[in-house]
Amino acid sequence: MKKLLTVLLAAAMCISLLAGCSGGGSTDSAATTDSAATTESSTATETSAATNEASAETSTAPADNSGLRDFTALGDEHMGSYFTMANTMEEFTAWQALRRMMEAKNINMVPEFIADDQYQTALQTRFASMSNIPMFCYYNLSDNEVMALADNGLILDILPLIEGGDGTAKNFFEVNEFGKAGLAKVALDGKIWWLPNLYITRWNGTFGEHGTNVGVNIRYDWMQKYNLDYPTTLDEYRNILKTFNEQDPSGTGANVPGNNVYSYRVDNGNDGQAMWFGLVRGLVNVNWDNDEATSMWKQQGFTDYISWIQGMIKDGLMDESMLASTTELRNKAANNQIGAYTTYPNATGYEPLIDAAKDENGQITACYAEIMPFAAIEGVTPLLALEDPIYMWDHFIFTSQLTDAQLGADFLDVYYSDASIDLINYGVEGINYEVVNGEKQFLKGKSNVEGVDLEFDLDQQNKFIQEKADLRVSYGKHLYSRALFPDMTYYFLDNDIDQLVNGTEPWAVPKGEACYETINNWEHYCSIDVSGCLAAATSEESALYNDLYSTLADTSYEYMSALALSNSSVDEIPTMVETLDGLGLQQIIDQYQARHDRFIGK
């Protein structure tokens, strides 16, 4: 892990070195739908019925900025469940602070906001008609579609803008861990056509060393009930689930297949149990131990994993209904029916749902705690899926409507300054935080954990966001970043763990301790989202991926389901691999290897 990150950061030591990078677009999708990047944003997709494009296109800019250079930007009303940005943006303290910083550079921000579900269609319509195009916007389609805009001269190379400023943005992209990783990932043929959203994880007080992981989490409170220890072998794990199934700690039915047992889909390769067999996550991924791209279908432990899954299902210890979907996972968890599943070890979304596990005082007693990885078969090192410590996604672009290059350069220098990043993460000093012994601490709760002093329940984060919105003191990340301008969020993983370990809820301590032990001691990983450790694809690579991947993945999922249900035999695996190779599996593996080699500078 540390070797990968060191090489990653070294790869972008200075902007001038990027000229040798290859070009093209990537359409890789995340290997999981429960990404922390998605979870952390905590943004609502619903918007007020009154919010529509016509009303949203009213600028929030003050009327007295006639002497400044207008900088137009288009964003979405993604916070519409909490407030209407078009009508109230100027009332927020963080936006006011950002505006003052921009005005000091002779910039007048002129934002427009469109209803979240209308945004992309409206933007594409504007580009198609070549009318009402802003100078800056986000474009959340594929790399290839963004490159099509570049090929048609509709967007600008951002590198000259970075080079043309006062050095603030240039320093960010050459020195800051955010910028170095982000720029190395998106540079194409010595040009930069978009800026990504970025977040970086802090662990043990250091940024960029470790991300959170995904693995198997088990009902610790049920283990305690039957005096069971964390499993260190497959047999011990199987016997724990067998005890849950036979003893029925949930009261939902003993010896009922699917009750009190492991519940998670296995067809797409995201099953945390698979990694005990040394399998990478998803159809194709990179084993970070040896920087080798591979597929679960071609790894040593694959046949053993399938045989074990078949036995678990036959014995009723895995939930057959979820082999190809996790749609009912939340409901089953709320109904107290899941003994173990794959998730983020510091995720706290399910325990509060389980009313049946609360004591007479309404206190939460359910606890899903992470199992430390163990080797399922001799000679194979188990893996964990790690969320990249520096995570990036989406495309923010300068359009050809920006005819004043210096205006763009000045905008970047303000936006990528330390003061701007503080507005995104902490808000305004004296309103949102104070500095104590050189460390920023939120005024509410004296903690770096948002909403720490609010009563914990399912709506805790929503309450926190709504409270800040009502007071007009939202941070930038709950206001304009990701919706109007790029995000640069600090993710305080260590504070999350500290809060769990020191929490007052009985379930929090074992959950936090198990998570801390894994993060602090485990070193063998693949990526949660493989695109995070791949260089941008060339146009040829992207075209090949688009031609092959969908059919290949669907066939793989079909085969996996048939194998898990014993509708196909493990003896058929070699033939299945031949078919998958005929559909392009080895070609995708080879492509990922080439892109990963470029990513690490090999």
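The structure presented is a predicted model; accordingly, all values stated were derived computationally and were not measured.

Our focus in this paragraph is the overall build of the chain. Counting secondary structure elements, the chain contains 22 helices and 19 strands. Relative to its full complement of 602 residues, the chain shows a buried share of 59%. Considering only contacts within the chain whose residues lie at least 6 apart along the sequence, 77% involve residues at least 24 apart. Just so you have it, the chain exposes about 22500 Å², and 47% of that area is on carbon and sulfur atoms.

This next bit is on the nonpolar core. Judged by nonpolar contacts, the single largest core of 86 residues is most densely connected at Tyr 480 and Phe 485. Grouped together as the second largest cluster of nonpolar side chains are 79 residues, Tyr 262, Met 322, Ile 354 and Tyr 368 included.

We now examine the packing of aromatic side chains. To describe a pair of aromatic rings, you give the distance between the ring centres and the angle between the ring planes. Enumeration according to the criterion identifies 48 aromatic pairs in this entry. With a centroid separation of 6.5 Å and an interplanar angle of 55 degrees, the aromatic rings of Phe 207 and Phe 492 are classed as tilted. Pair noted here: Phe 207 is in strand S7 (residues 206-207) and Phe 492 is in strand S18 (residues 488-492), with a separation of 285 residues, a long-range link. Ring centres 6.3 Å apart and planes at 65 degrees place the aromatic pair Tyr 480 and Phe 485 in the edge-to-face group. With relative accessibility at 1%, the residue Phe 485 sits in the buried group. Sitting above the plane of the Tyr 368 ring, Arg 219 keeps its charged end 5.5 Å from the centroid.

All right, on to the pattern of salt bridges then. According to the stated counting rule, one finds 21 salt bridges in the structure shown. Put simply, Glu 174 and Lys 170 hold a salt bridge, and the shortest N to O gap is 2.9 Å. Of this pair, Glu 174 and Lys 170 both sit in helix H9 (residues 168-174), four residues apart, which is roughly one turn of the helix. Judged by relative accessible area, Glu 174 falls into the buried class, the value being 18%. What makes Lys 170 partly exposed here is its relative accessible area of 25%. Of the charged contacts, one joins Glu 246 and Lys 242 as a salt bridge, the two residues approaching to 2.5 Å between their closest N and O atoms. Of this pair, Glu 246 and Lys 242 are both found in helix H12 (residues 234-247), four residues apart, which corresponds to roughly one turn of the helix. Here Lys 242 falls in the partly exposed class, since its relative accessible area comes to 33%. Each of the salt bridges in this network shares a partner with another, and the network as a whole consists of Arg 69, Asp 404 and Asp 410.

What follows deals with the environment of Lys 463. Within the element layout of this structure, Lys 463 appears in helix H17 (residues 460-471). Distance from Lys 463 to Tyr 82, taken between C-alpha atoms, is 9.8 Å for residues 381 residues apart in sequence.

All right, on to helix H22 (residues 585-599) then. Across its 15 residues, H22 extends 21 Å between first and last C-alpha, which sits within 8% of the 21 Å expected from 1.5 Å per residue. Where H22 is concerned, the buried positions are Leu 585, Ile 588, Ile 589, Gln 591, Tyr 592, Gln 593, Arg 595, His 596, Asp 597 and Phe 599. Positioned one or two residues after H22, Gly 601 has a phi angle of 75 degrees, which is positive.

What follows is about the packing of helix H18 (residues 493-501) against helix H19 (residues 508-521). Where H18 contacts H19, the two axes come as close as 7 Å, and the packing angle between them is 140 degrees. Between H18 and H19, the angle is such that the two are oblique. Facing H18, whose interface residues are Leu 493, Ile 497, Leu 500 and Val 501, H19 presents Ala 508, Val 509, Lys 511, Gly 512, Glu 513, Cys 515, Tyr 516 and Ile 519.

Attention now moves to the confidence of the model for the chain. Averaged over the chain, the pLDDT score is 85; the fraction of residues at 70 or greater is 86%. Low confidence marks residues 1-59, where pLDDT is under 50. Its contacts with residues over four positions away, or in another chain, come to 154 contacts. Per-residue pLDDT stays below 50 along residues 445-459; that stretch engages in 41 contacts with residues further than four places along the chain or on separate chains.

What is expected of a backbone is that most residues other than glycine have negative phi and most peptide bonds are trans. One non-glycine residue, Asn 227, lies in positive phi territory at about 55 degrees. Tracing the backbone through its elements, the reader meets Asn 227 in the loop between helix H11 (220-225) and H12. A relative accessible area of 71% means that Asn 227 is categorised as exposed. For Asn 437, which is not glycine, the phi dihedral falls at a positive 55 degrees. Within the fold, Asn 437 resides in the loop between strand S16 (433-436) and strand S17 (439-442). The exposed category is assigned to Asn 437, whose relative accessible area is 81%.

A few words on the pairing of strand S2 (residues 107-114). Among the eight residues in S2, eight count as buried, and that is most of the element. Every second residue of S2 is oriented toward a common face, with Ile 107, Met 109, Pro 111 and Phe 113 on one face and Asn 108, Val 110, Glu 112 and Ile 114 on the other, all of them buried.

A few words on H18. The periodicity of an α-helix, 3.6 residues per turn, causes residues three or four places apart in sequence to face the same way. Among all positions in H18, only Leu 493, Asp 494, Asn 495, Ile 497 and Leu 500 are buried. For H18, the elements touching its buried residues are strand S6 (195-203), S18 and H19.

Of all the five residues making up S18, five are buried; the element is thus mostly covered by neighbouring parts of the structure. Residue alternation in S18 divides its side chains into two sets, Met 488, Tyr 490 and Phe 492 and Thr 489 and Tyr 491, and both sets are buried.

To continue, consider the packing of helix H20 (residues 539-564) against H22. Running from N to C, H20 and H22 cross one another at 135 degrees; their axes reach a closest spacing of 10 Å. Of the possible angle classes, the one that applies to H20 and H22 is oblique. Here H20 and H22 pass one another in a crossing that is left-handed. Residues Glu 541, Leu 544, Tyr 545, Leu 548, Tyr 549 and Leu 552 of H20 form the contact with H22, whose participating residues are Leu 585, Gln 587, Ile 588, Gln 591, Tyr 592, Ala 594, Arg 595 and Arg 598.

Rules behind the numbers
Residues numbered from 1 in each chain as written. Predicted model: local features only at pLDDT ≥ 70, side-chain atom pairs only at ≥ 80, totals over all residues. Heavy atoms only, no water. Helix = DSSP H or I, 4+ residues; strand = E, 2+ residues; numbered from the N terminus. Buried < 20%, exposed > 50% of the residue type's maximum accessible area, 1.4 Å probe, protein only. Contact = heavy atoms within 4.5 Å. Areas by Shrake-Rupley, 256 points an atom, 1.4 Å probe, with all protein chains shown as cover. Core = buried A, V, L, I, M, F, W, Y, C linked by side-chain atoms within 4.5 Å. Phe/Tyr/Trp six-rings, centres within 6.5 Å; stacked < 30°, edge-to-face > 60°. Lys NZ or Arg CZ within 6 Å of the ring centre and 35° of its normal. Salt bridge = Lys/Arg side-chain N within 4 Å of Asp/Glu carboxyl O. Expected span 1.5 Å × (residues − 1). Axes fitted to C-alpha atoms, helices over the stretch in contact; angles between N-to-C directions. Parallel < 35°, antiparallel > 145°, perpendicular 65-115°, else oblique. pLDDT = per-residue confidence, 0-100. Left-handed = near helix turned anticlockwise from the far one by under 90°.

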